[in-house]
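Residue strings, one per chain:
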Amino acid sequence: MSVPDYMQCAEDHQTLLVVVQPVGIVPEENFFRIYKRISTVSQINVRDSQRVLYIRYRHHYPPENNEWGDFQTHRKVVGLIIITDCSSAKDWPQTFEKFHLQKEIYGPTLYDSRLFVFGLQGEVAEQPRTDVAFYPSYDECETVEKRIEDFIESLFIVLESKRLDRATDKSGDKIPLLCVPFEKKDFVGLDTDSRHYKKRCQGRMRKHVGDLCLQAGMLQDSLVHYHMAVELLRSVNDFLWLGAALEGLCSASVIYHYPGGTGGKAGARRAQGSSLPAEAGNRHRPGAQEVLIDPGALTSNGINADTSAEIGRAKNCLGPEDIIDKYKEAISYYSKYKNAGVIELEACVKAVRVLAIQKKSMEASEFLQNAVYINLRQLSEEEKIQRYSILSELYERIGFHRKSAFFKRVAAMQCVAPSISEPGWRACYKLLLETLPGYSLSLDPKDFSKGTHKGWAAVQMRLLHELVYASRRMGNPALSVRHLSFLLQTMLDFLSDQEKKDVTQSLENYTSKCPGTMEFITLPEGLRLPPVPFTKLPIVRSVKLLNLPISLRPQKMKSLLGQNMSAKSPFIYSPIIAHNRGEERSKKIDFQWVQGDVCEVQLMVYNPMPFELRVENMGLLTTGVEFESLPAALSLPAESGLYPVTLVGVPQNTGQITINGYHTSVFGVFSDCILDNLPGLKTNGCAVEVIPALPRLQISTSLPRSAHTLQPSSGDEISTSVSVQLYNGETQQLVIKLENIGTEPLEKLEVTAKTVNSKEKLYGEFLSWKLEDTLSQFPLKPGKIATFNVNIKVKLDFSCQENLLQDLSDDGISISGLPLSSPFRQIVKPRVDSKPINPTESGKVGDFSHVKTLEAILNFKYSGGPGHADGYYRNLSLGLHVEVEPSVFFTHVSTLPATSTRQCHLLLDVFNSTEHELTVSAKNNEDLVLHAGECQRMAIQVDKFNFESFPDSPGERIQFANPKQLEEERQQAKGLEINSKLDVCWKIISFNKCLIYIYIAAL
């Protein structure tokens, strides 16, 4: 016997073997269609009996295995069913001849046979025959099952007659010696009259009768015969047949204990209508395993037809533990014979199936380990594949998943062995897929993002490489790309630097022909391979949604803000509200994006590869608002550490937008990476509100940009700054161009200004404008420009010394109490090239070259389009940095009486601190020319002032409750009165710069 049946199980010992084969040209589909219907009739109840007959069908059975039918009767082909096509009567004789030729192959063992002819009609088909059934077609064969039942009944009749014939053999001492094929030559010349020889014949025949009883449905009878055969064969050391008797005893006991069968299909073997002993409830009870055999039941030839005494005294069959012990003993006897390797192997498989039901995995593994090392003849590649596959299946049944995967992988490699002319790469790939669970490997990348890595990474990588190669040899490049991508994504931490380079190079070669996609790949077996996004190439550590630039951030109008605030909870704190707000904060951002504006998301990424990583087509994945993602390409240095990457896009409408992830293209593989699947990711939220579109304002000025950065105390941020240098008292116009660079019309504009970070006291209006001229150009359509003019007037302190009035001669002019010096004035020194007029006064002269700084912010509040209708606006701030250089100083002030008692002469010592020649003039006075660094006295005839009677403003006391502020206001009003009388101004001749000097306010 050379071909093992790896599907054998213990209950097969009670079956009759029927071979179903096609003859002639029969379509495979039609054959298996009929074969499947025939196989449904696998057991029938014997008429007028409680016995059940079991049938085992095979469509292929090696004739050499049939020669072992005497050794174990379930290996004997007792029935033959031939299926053939015959379309005409003239072909019938030839068809029938083929049927007889096929019968001759199994002839010595056949009990009966049948021929099913399809397609033949007419006179021949109408002749009544018991061994031939005619059917018009494969669709019109309703009686197939009935014919098979009749056929099985005929087999039972022959079986029963043989059983009775062997059991009632009265041939005296002439019991034939049953042999296996390789024994026949060994028994030539033996003494057939010896007692030893007779016991051998009796023991083998008793064992043979036990097989027939088991097939005939007489379980208890078979147990008795097996026990008696064991005793007889053991006494003559007939080890091969003793092993067979022990195996038969085990099989009968297994059938008794496990009526559902051990082959894996529960309930397939359950006998219908069969009677089991009343003590079946105690079948698993230890101690109830002994079988007593009355020696008197044996006749001189060892065969007794009446076995009722033995049956009555059999307390029970073998128990579950004894079954395994007897299997071990039987296998040990088989192992003594080199030609019984197949029998030994099949016995190991049967024992494993029993142990699997008993859940004794370690003992089962010992049997399997023995089966692995059983040396058979030179097996074909197909037989090797079958052997390793069954070993894998059995290891799986006993819970040895990794061992099962190992043998399945060996079977897969056997499918593409070098000795095979046409390697079966598809079969290899299919078997490799089945090994994945055993190695704790899943083809879903999500399973590898949860917790620690499971399984042996080195073995898993080897298996994935084999899947890649097998799929490539199958001619499926998309499958190769998917498996190689999975290897790189899930095993990245276990790859060496060189392996990373090799894998990525192979992946680029594959994707050059077939790019990797995010589509599911469906295999012919129905398995769907999920996409493999490269979430580790690069690794993303944090995702942060960025607010719009300062100048583009939308703000809500105060009136609408108040309405929104009123809708909120009036309570300061509520645990429920606080909890809900915390959840919302984790998802939704507290700023807004604007429809049509470019919005940014910053990712902190890391390149884990030992070489430069090129990432192409990187963009955002969103839901909610329609979003136009603007892809980016980046190149990350080797093991770069955290590296900021900004992804941008434009929301196309309003509502809430959620950033779900990002997409990339790395090594030719397109990936959609979902943020929820990224472990250890930090984010400030994923959802943001998109408001309606607003116009975008861009400003340009006639002044150069400032190198100084304004830092307002209020925390306002300046979008741009300009700077200008002016002399004290100078006026200059700032021309601002307002350009609408957005897509919505600019409909509303408000301009405000404030001075910041200035310790200098300003007199008069520093910045002034007329907004009406600009608003007349509104609404400003996209791409249009409007002009806005701002006047810059610098009026600081012109004095340079404390107590300028201390030397004034009082001639009746009521000027006492008038402070002619500013509290913010700083003492200045003359320029190096200047000379003081009076050397004795040089000590009183300060530093005249000190440059003072003024800073102001122009704020443009504008709106328009749909955003304006929803109550949103934008702010654009322009910083103004003014450096004020000193122009003229008044170093001394005094008065002289005039010819009229109503007038006096005001004497002013004027110093030119500039480097240019300038003129100083006053009302009704000649111009005074001052060279650079020159100081001269200027006399102005003015009317006398009476400040004691100066009236207070009616609303002044109401507006200024502070007396100090009230006093300052009164002094400023007096200064304005004096200025209107004096009208002092200076002019640089070469620059054509001039100033109207407000004397009292400046002093």
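Let me begin by describing the structure that accompanies this report.

Conventions used here
- Residues numbered from 1 in each chain as written.
- Predicted model: local features only at pLDDT ≥ 70, side-chain atom pairs only at ≥ 80, totals over all residues.
- Heavy atoms only, no water.
- Helix = DSSP H or I, 4+ residues; strand = E, 2+ residues; numbered from the N terminus.
- Buried < 20%, exposed > 50% of the residue type's maximum accessible area, 1.4 Å probe, protein only.
- Contact = heavy atoms within 4.5 Å.
- Areas by Shrake-Rupley, 256 points an atom, 1.4 Å probe, with all protein chains shown as cover.
- Core = buried A, V, L, I, M, F, W, Y, C linked by side-chain atoms within 4.5 Å.
- Salt bridge = Lys/Arg side-chain N within 4 Å of Asp/Glu carboxyl O.
- 1 Å grid on protein atoms, 1.4 Å probe; cavity = no way out; pocket = protein on both sides within 12 Å on 5 of 7 lines; lining within 4 Å.
- Points joined across faces, edges and corners; volume = space filled by probe spheres on them.
- Pairing = 2+ DSSP bridges.
- Axes fitted to C-alpha atoms, helices over the stretch in contact; angles between N-to-C directions.
- Phe/Tyr/Trp six-rings, centres within 6.5 Å; stacked < 30°, edge-to-face > 60°.

**As for the overall build of the protein**
Okay, step 1: For the protein, the helix and strand inventory stands at 25 helices and 35 strands.
Okay, step 2: Of all 1003 residues assigned to the protein, the portion counted as buried reaches 50%.
Okay, step 3: Of all intrachain contacts in the protein linking residues separated by at least 6 positions in sequence, the fraction that spans at least 24 positions is 74%.
Okay, step 4: As displayed, the protein offers around 48,000 Å² of accessible surface, 50% of which is attributable to carbon and sulfur atoms.

**Description of the nonpolar core**
Okay, step 1: Judged by nonpolar contacts, the single largest core of 82 residues is most densely connected at Tyr429, Leu488, Leu537, Trp593, Leu603, Tyr662 and Phe667.
Okay, step 2: Top contributing element to this core by residue count: helix α16 (residues 457–473), with 7 residues.
Okay, step 3: If we ignore the near neighbours within four places in the chain, the residues touching Leu537 are Leu488, Leu492, Pro608, Met609, Leu613, Val666 and Phe667.

**Describing unusual backbone geometry**
Okay, step 1: The amide bond that connects Leu537 to the next residue, Pro538, takes the cis arrangement and shows omega of 0°.
Okay, step 2: Along the polypeptide, Pro538 turns up in the loop between β8 (528–529) and β9 (539–545).
Okay, step 3: Going from Phe778 to Pro779, the amide bond is cis rather than trans, its omega being -5°.
Okay, step 4: Checked against the element boundaries, Pro779 lands in the loop between α21 (771–775) and β26 (785–793).
Okay, step 5: In this structure, Ser440 is a non-glycine residue whose phi angle is positive, near 55°.
Okay, step 6: Mapped onto the elements of the fold, Ser440 is located in the loop between α15 (425–435) and α16.
Okay, step 7: Ser440 gets classed as partly exposed once you look at its relative accessible area, which sits at 41%.

**Remarks on the pattern of salt bridges**
Okay, step 1: Counted according to the given criterion, the structure contains 25 salt bridges.
Okay, step 2: Linking Glu160 and Arg51 is a salt bridge whose minimum nitrogen-to-oxygen distance equals 3.0 Å. Separated by 109 residues along the polypeptide, Glu160 in helix α5 (residues 144–167) and Arg51 in the loop between β2 (43–45) and β3 (52–58) bring together distant segments of the chain.
Okay, step 3: Take Arg51: its relative accessible area is 17%, and that puts it in the buried class.
Okay, step 4: Across the salt bridge formed by Arg409 and Glu466, the nearest N and O atoms sit 2.5 Å from each other. Of this pair, Arg409 sits in helix α14 (residues 401–414) while Glu466 is found in helix α16, placing the two residues 57 residues apart along the sequence.
Okay, step 5: The exposure class of Glu466 is buried, given its relative accessible area of 10%.
Okay, step 6: Overlapping salt bridges bring together Glu183, Arg200, Arg204 and Asp238 as one network.

**Re empty space enclosed by the protein**
Okay, step 1: Within the structure shown, the criterion is met by 5 cavities of 30 Å³ or more.
Okay, step 2: What the second largest cavity holds in volume is close to 80 Å³.
Okay, step 3: Forming the boundary of the second largest cavity are 10 residues, of which Asn728, His850, Lys852, Pro886 and Phe889 lie nearest the centre.

**Side note on the sheet that holds strand β5 (residues 112–118)**
Okay, step 1: Read from one edge of the open sheet, 6 strands run β2-β3-β1-β4-β5-β6, paired in mixed fashion. Lying at the two open borders of the sheet, with one neighbouring strand each, are β2 and β6 (132–135). Across the sheet, the axes of successive neighbouring strands diverge by a mean angle of 20°, strand direction being ignored.
Okay, step 2: Alignment of β2 against β3, held across 3 bridges, turns out to be antiparallel. Bridge pairing in β3 places Ile44 opposite Leu53.
Okay, step 3: Each of β1 (15–23), β3, β4 (77–85) and β5 touches helix α1 (residues 28–39); the most contacted strand, β1, lies at about 160° to it.
Okay, step 4: Where helix α3 (residues 92–105) meets the sheet, it contacts β1, β4, β5 and β6, and its direction lies at approximately 150° from that of β5.

**Let's talk about the packing of aromatic side chains**
Okay, step 1: Overall, the coordinates contain 25 aromatic pairs when judged by the stated rule.
Okay, step 2: Measuring from centroid to centroid gives 5.1 Å for Phe71 and Trp241, while their planes differ by 80°, and the two rings are edge-to-face. Taken as a pair, Phe71 in the loop between α2 (63–66) and β4 and Trp241 in helix α8 (residues 239–257) lie far apart in primary sequence, 170 residues in all.
Okay, step 3: On the accessibility criterion, Phe71 (1% relative accessible area) is buried.

**A few points about the sheet that holds strand β21 (residues 697–701)**
Okay, step 1: On the basis of which strands lie adjacent, the open sheet formed by 4 strands has the order β21-β23-β26-β25 and antiparallel pairing. Single-partner strands in this sheet number two, and they are β21 and β25 (767–769). Mean inter-strand twist for the sheet, computed between neighbouring axes without regard to direction, equals 30°.
Okay, step 2: Strand direction decides the pairing type here: strand β23 (residues 731–740) and β26, joined by 9 bridges, are antiparallel. Each residue of the ladder has a partner; that of Val735, found in β26, is Asn789.

**Some details on the environment of Leu930**
Okay, step 1: Among the secondary structure elements, Leu930 is positioned in strand β32 (residues 928–930).
Okay, step 2: Relative accessible area serves as the criterion here: at 0%, Leu930 is assigned to the buried category.
Okay, step 3: If we skip the residues at most four places from it in the chain, Leu930 touches Val910, Asn912, His916, Glu917, Leu918, Val920, Cys935 and Gln936.

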